[in-house]
Amino acid sequence: MKDYWKILYNGIVPGNPVFVLLLGMCATLGTTSSAYNGMMMGIATAAVLVCSNVAISLIKNLVPDKVRIPAFIVVIASFVTVLQLAVNAWLPALNASLGIFIPLIVVNCILLGRAEAFASKNGVIPSLLDGLGTGLGFTFALILLGGTREILGTGKIFGATIFPEDYGMLLFVLAPGAFIALGYLIAIVNKIRKTV
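Calculation criteria
- Residues numbered from 1 in each chain as written.
- Predicted model: local features only at pLDDT ≥ 70, side-chain atom pairs only at ≥ 80, totals over all residues.
- Heavy atoms only, no water.
- Helix = DSSP H or I, 4+ residues; strand = E, 2+ residues; numbered from the N terminus.
- Buried < 20%, exposed > 50% of the residue type's maximum accessible area, 1.4 Å probe, protein only.
- Contact = heavy atoms within 4.5 Å.
- Areas by Shrake-Rupley, 256 points an atom, 1.4 Å probe, with all protein chains shown as cover.
- Lys, Arg positive; Asp, Glu negative; His and termini not counted.
- Charge placed at Lys NZ, Arg CZ, Asp CG, Glu CD.
- Core = buried A, V, L, I, M, F, W, Y, C linked by side-chain atoms within 4.5 Å.
- Disulfide = S-S within 2.5 Å.
- Salt bridge = Lys/Arg side-chain N within 4 Å of Asp/Glu carboxyl O.
- Patch = residues over 30% accessible without salt bridge, like charges linked within 9 Å, V, L, I, M, F, W, Y side chains within 5 Å.
- Axes fitted to C-alpha atoms, helices over the stretch in contact; angles between N-to-C directions.
- Parallel < 35°, antiparallel > 145°, perpendicular 65-115°, else oblique.
- Left-handed = near helix turned anticlockwise from the far one by under 90°.
- Nonpolar A, V, L, I, M, F, W, Y, C, P; charged D, E, K, R; others polar.

Draft legend 1. Representation of the overall build of the protein chain in the model. Each helix and strand in the protein chain was counted, giving eight helices and two strands. Overall, the C-alpha framework of the protein chain stretches about 60 × 45 × 25 Å when taken along its three principal axes. Residue burial in the protein chain is summarised as follows: out of 196 residues, 43% are buried. When contacts within the protein chain are restricted to residue pairs at least 6 apart in sequence, those whose partners lie at least 24 apart make up 73%. When the accessible area of the protein chain is evaluated, it comes to approximately 10,200 Å², of which 72% is carbon and sulfur surface. Counting 12 positive and 7 negative side-chain charges, the protein chain places the averaged centre of each group 10 Å from the other.

And the structure:
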């Protein structure tokens, strides 16, 4: 049981895909103009990560080594397609907001990395927990980055006004603000990790 908590915790803090491993930067920078967009992209990626990890751990002994990576990509792409169709049908506003980034979950290196490094070598429960932990870590990072950019850029977070929009800095709503905010957040996380 202790090992299960360690697997879950690893993806959230010491192996955070954004702040520590610097993976998935396309989705991280492209979808975090607001905390809501970051949260929804994180949840979508986490759902695909959990499902694909479980599926890959179930079929790991059936897939020949020569076609292992393409098989993993097909599994991931299948879950992304189901997710995209569901979002398009039930959450059209979110689909319009996230746009191309939902289908791009297929090529997010976090998913293939966890499939190759963990799910293909472990059982179903550890793979599920690894996907959940990594997904939660990714979601946390996107919410933090999106929230930081939204507060600094518009003075709001999740629709709640923190300060008047006139005092916001437009830079943080735009693409360069994503790089600046991410750089500072990575520096803060590294400082915290060294002191703990």
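Draft legend 2. Main features of the nonpolar core. Counting 32 residues, the largest nonpolar core has F19, M41, V48, L83, I105 and L182 as the members making the most contacts within it. Top contributing element to this core by residue count: helix 8 (residues 175-195), with six residues. Setting aside residues no more than four positions away along its own chain, M41 makes contact with A27, T31, L98, F101, I105 and L142. Within the second largest apolar cluster, six residues are counted, among which are F72, V75, A115 and A119.

Draft legend 3. View of the state of the cysteines. Under the definition given, this model contains zero disulfides. The cysteine C51 is free of any disulfide, with C109 supplying the nearest cysteine sulfur at 19 Å. Residue C51 is classed as partly exposed on the basis of its relative accessible area, which comes to 35%. The thiol sulfur of C109 is not disulfide-bonded, and the nearest other cysteine sulfur, from C26, lies at 9.8 Å. With relative accessibility at 39%, the residue C109 sits in the partly exposed group.

Draft legend 4. Structural view of unusual backbone geometry. A positive phi is found at L22, a non-glycine position, where the angle reads about 55°. With respect to the element layout, L22 can be found in the loop between helix 1 (2-12) and helix 2 (25-30). Positioned with a positive phi, F158 is a non-glycine residue whose angle comes to about 50°.

Draft legend 5. Structural detail: the pattern of salt bridges. For the coordinates displayed, the defined rule picks out three salt bridges. Measuring nitrogen to oxygen at the nearest pair gives 3.7 Å for the salt bridge that ties R68 to D65. Residue E116 is joined to R68 by a salt bridge in which the shortest nitrogen-to-oxygen separation is 2.9 Å. Of this pair, E116 sits in helix 6 (residues 109-119) while R68 sits in helix 4 (residues 68-90), and the two are 48 residues apart along the sequence. The exposure class of E116 is partly exposed, given its relative accessible area of 22%. Via salt bridges that share partners, D65, R68 and E116 belong to a single interconnected network.

Draft legend 6. Summary view of the side chain of N53. Inspection of the secondary structure assignment puts N53 in helix 3 (residues 35-59). Apart from the residues lying within four places of it in its own chain, the contact partners of N53 are R114, A115, A119, S127, D130 and G131.

Draft legend 7. Examining a nonpolar patch on the surface more closely. Nonpolar side chains collect at one region of the surface, where Y4, L58, V124 and I125 lie side by side and expose about 350 Å² of accessible area between them. Along the chain, L58 falls in helix 3.

Draft legend 8. A look at the packing of helix 3 against helix 4. Interhelical geometry of helix 3 versus helix 4 gives an angle of 140° and a closest axis separation of 9 Å. Put simply, helix 3 runs oblique to helix 4. The element helix 3 and its partner helix 4 pack so that their crossing is right-handed. For the pair formed by helix 3 and helix 4, the contact residues are A44, V48, C51, S52, A55, I56 and I59 on the first element and F72, V75, I76, F79, V80 and L83 on the second. Split by residue class, the contact of helix 3 with helix 4 holds 12 nonpolar, one polar and no charged.

Limitation: the analysis is restricted to geometry and does not speak to function.
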